[in-house]
Amino acid sequence: MSDTKKMNLTLRVWRQKGSQQSGSFKEYLAKDVSPDDSFLEMLDQVNEQLISKGEDPIAFDHDCREGICGSCGFMINGNAHGPQKSTTVCQLHMRQFSDGDVLNLEPWRAAAFPVIKDLMVDRSAFDRIIKSGGYISVNTGNAPDGNALPIPKVNADEAFSSAACIGCGACVASCKNASAALFTSAKVTHLLSVPQGQVERERRVLSMVETMDAEGFGACSSTGSCSASCPKDISLVNIAKMNKEYLKAAFNKKPETNLEEGV
Amino acid sequence: MLNFFKSSVGKKYLMGLSGLVWAGFVAGHMAGNMTIFISKEAYNAYGHAIVSNKLLLYGTEGALIWALITHVVCAISLSFSNKKSKGAVHGGSPNGSKGANLGSTWMAIQGSVVLAFVILHLATFKYGTHYETTVDGVVMRDLAKLMIEVFQQPGYIAWYVVSLILLGIHLSHGVRSIFQSFGLLHPAYQPIIRKAAIGYSVVVAGGFLSQPIFVFLMN
């Protein structure tokens with residue numbers, strides 16, 4: 001344990017019992033917080049105290065706590081995953097804050113992400129976007145030999161940097177329109193950059209954009225807040241690529257590529 | 001096809017295309033108005049040349065009316081659906097290094113002011129007092145006289161300054177966003193596009209602003 005000075009913070013946490021109930025901010029004191037604690041560890045300590053007092057602990061999503069699973073995330077003073085760039089809230093440490101800070105903790109805000117409880121939201125709309133086109137047609141069976149399918153380094157890099165999206169939803173939460181354009185475009189770009197993704201190329205983008213709209217996400221105003229808040233630094237260029245793909249697919253689409261039939 | 005224009009991406013293409021028509025028009029309009037710096041006669045002759053070329057006049061007006069209606073209708077439709085998508089935020093908006101690009105967050109307000117400006121501007125000039133003059137034996141509308149008359153009023157100048165600065169901010173975000181909406185963004189050009197859009201807006205808004213201020217100071 002380091003001997004760094006402990007901090008006291010005031011948390012204004014959004015408390016909401018369920019999706020049908022209305023919520024409000026409730027104030028809690030986080031005492032003796034170590035600067036080396038992660039944000040979620042700090043919340044764990046607050047929850048311990050709440051439980052010992054017989055109160056309902058603050059509900060928040062989390063899993064790996066290594067910044068790679070995409071489970072965690074909420075707004076801290078208006079910023080998704082807090083003030084630090086390229087970070088998930090589980091990898092955000094209390095050294096980013098100062099003694100006496102007052103922090104508003106709010107769940108992701110989007111009509112497509114209904115609040116389940118407190119800071120937890122239902123992000124299954126993302127799953128439905130993926131389901132509508134975020135896959136490739138491959139033979140099942142043994143893994144193919146490495147490099148059996150040559151892919152230029154540039155394309156592989158592009159696919160990897162887009163595939164880095166962990167689907168946490170920070171882009172939607174940061175967007176004033178709750179647009180899922182960054183998420184959807186990362187998935188579209190990831191698969192269109194590699195040969196395996198070419199089979200469903202057109203129907204993928206048409207279907208994913210259609211699902212994105214149908215789920216109630218807003219349009220992209222290119223404010224850039226999504227990319228700035230993204231823990232994986234997904235670039236706005238992906239959205240441009242998706243738009244171009246969408247235009248091409250909408251005007252090139254052949255009747256047989258319509259997936260909706262027979263489903 | 002129809003689905004394309006109904007989608008959020010398709011509407012953004014329409015916003016971009018209609019915005020591009022106006023972004024191109026304002027640059028031409030600003031450049032043409034620079035004739036006021038040469039002389040009143042040059043300004044009137046330039047105006048007369050434009051209204052005399054009916055193909056150019058009606059073609060441009062048609063494109064501008066289509067673009068204006070498309071831009072406004074898409075903007076209203078997108079604004080409403082975006083608002084519905086977002087819902088209520090209570091704990092603050094993204095700020096600091098995660099904040100939105102300045103200008104992009106209140107495009108609708110800027111656009112509304114610019115629309116009001118366009119309507120009043122047309123009422124003041126296009127449908128304003130009809131003075132006549134003769135340049136090189138040709139009878140034509142004396143727009144320079146009207147312009148000088150209008151820009152003797154400080155209130156008008158102030159309204160033009162506010163509106164044109166907002167137009168500049170609106171353009172700076174709009175012109176940059178066209179590249180994204182149209183899928184023309186590339187990592188290597190991203191910073192250049194941003195700077196070029198700002199440069200373009202400064203030139204257009206600055207050029208437009210120089211004209212009433214020049215007229216006010218010279219008369």
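Here the structure is a predicted model, which means the values were calculated and not measured.

(A) Examining the nonpolar core more closely. Trp108, Phe113, Phe126, Ile129, Val172 and Phe217 of chain A are the most contacted members of the largest nonpolar core, which totals 51 residues. For this core, the secondary structure elements donating two or more residues are α2 (124–131), α4 (170–174), α5 (181–192), α6 (201–214) and α8 (237–252) of chain A together with α2 (8–33) of chain B. Element by element, the count of residues in this core is highest for α8 of chain A, at 7 residues. Per-domain counts for this core show at least three residues from each of domain 1 (7–116) and domain 2 (124–137 + 149–257) of chain A. Beyond its immediate stretch of four places on either side in the chain, Phe113 of chain A contacts Trp108, Val121, Asp122, Arg123, Phe126, Gly169, Val172 and Phe217 of chain A.

(B) Structural context of a positive patch on the surface. Residues and elements named next belong to chain A. Taken together, the side chains of Lys17, Lys26, Lys31 and Lys53 make up a positively charged region of the molecular surface. With respect to the secondary-structure elements, Lys26 resides in strand β2 (residues 24–33). The partly exposed category is assigned to Lys26, whose relative accessible area is 44%.

(C) Broad picture of the side chain of Ser179 of chain A. Residues and elements named next belong to chain A. Examined against the element boundaries, Ser179 turns out to sit in the loop between α4 and α5. You can call Ser179 buried: its relative accessible area is 6%. Within the local environment of Ser179, its side chain forms a polar contact with the backbone nitrogen of Ala181, the two atoms lying 3.1 Å apart.

(D) Geometry of the interface of chain B and chain A. Counting residues at the interface gives 42 residues for chain B, matched by 49 residues for chain A. For the pair chain B and chain A, the summed buried surface comes to about 3400 Å²; carbon and sulfur atoms form 52% of the total. For the chain B face of the interface with chain A, the top three residues by lost area are Lys86, Lys98 and Gln180 of chain B, together amounting to 23%. Here chain B is connected to chain A by 29 residue pairs in polar contact (both at pLDDT 80 or more). Looking at the side of chain B that touches chain A, the elements with two or more residues in it are α1 (2–6), α2, α4 (54–86) and α7 (154–181) of chain B. The biggest single contributor to the side of chain B that touches chain A is α7 of chain B, with 6 residues. Its residues assigned to classes, the side of chain B that touches chain A comprises 14 nonpolar, 23 polar and 5 charged.

(E) Expanded view of the domain arrangement of chain A. Residues and elements named next belong to chain A. For chain A, the assigned domains are domain 1 (7–116) and domain 2 (124–137 + 149–257). Using only C-alpha atoms to locate each centre, domain 1 and domain 2 end up separated by 29 Å. With 17 residues of domain 1 in contact, the opposing surface of domain 2 contributes 20 residues. Both faces considered, domain 1 and domain 2 share a buried interface measuring about 1300 Å² in area, 61% of it formed by carbon and sulfur atoms. Considering only the surface of domain 1 that becomes buried against domain 2, Ser86, Ala112 and Phe113 emerge as the three largest contributors, covering 34% of it. Joining domain 1 to domain 2, the criterion identifies 0 salt bridges. Taken together, domain 1 and domain 2 are joined by 3 residue pairs in polar contact (both at pLDDT 80 or more).

(F) Inspection of the environment of Lys40 of chain B at higher detail. All names here are of chain B. Here Lys40 is to be found in helix α3 (residues 40–52). Spatially, the C-alpha atom of Lys40 lies 42 Å from that of Gln190, the residues being 150 residues apart in sequence. Those residues in contact with Lys40 that lie beyond four places of it in its chain are Ala144 and Ile148.

(G) Spotlight on the sheet that holds strand β5 (residues 102–106) of chain A. All names here are of chain A. Strands sit in the order β2-β1-β5-β3-β4 across an open sheet of 5 strands; the sheet is mixed. The open sheet has two edge strands with one neighbour each: β2 and β4 (79–80). In terms of strand pairing, strand β1 (residues 7–15) meets β5 through 4 bridges, oriented parallel. Of the residues in β5, the one forming a bridge with Leu11 is Leu103. In the packing of helix α1 (residues 39–52) onto the sheet, contacts are made with β1, β2, β3 (75–76) and β5, and the angle to β2 comes to roughly 100°.

What counts, and at which threshold
Residues numbered from 1 in each chain as written. Chains lettered and ligands numbered in written order. Predicted model: local features only at pLDDT ≥ 70, side-chain atom pairs only at ≥ 80, totals over all residues. Heavy atoms only, no water. Core = buried A, V, L, I, M, F, W, Y, C linked by side-chain atoms within 4.5 Å. Buried < 20%, exposed > 50% of the residue type's maximum accessible area, 1.4 Å probe, protein only. Helix = DSSP H or I, 4+ residues; strand = E, 2+ residues; numbered from the N terminus. Domains from an automatic or database assignment. Contact = heavy atoms within 4.5 Å. Patch = residues over 30% accessible without salt bridge, like charges linked within 9 Å, V, L, I, M, F, W, Y side chains within 5 Å. Areas by Shrake-Rupley, 256 points an atom, 1.4 Å probe, with all protein chains shown as cover. Salt bridge = Lys/Arg side-chain N within 4 Å of Asp/Glu carboxyl O. Lys, Arg positive; Asp, Glu negative; His and termini not counted. Charge placed at Lys NZ, Arg CZ, Asp CG, Glu CD. Polar contact = N/O pair within 3.5 Å; in protein donor to acceptor, adjacent residues only side chain to side chain. Buried area = accessible area lost by both parts, 1.4 Å probe. Nonpolar A, V, L, I, M, F, W, Y, C, P; charged D, E, K, R; others polar. Pairing = 2+ DSSP bridges. Axes fitted to C-alpha atoms, helices over the stretch in contact; angles between N-to-C directions.

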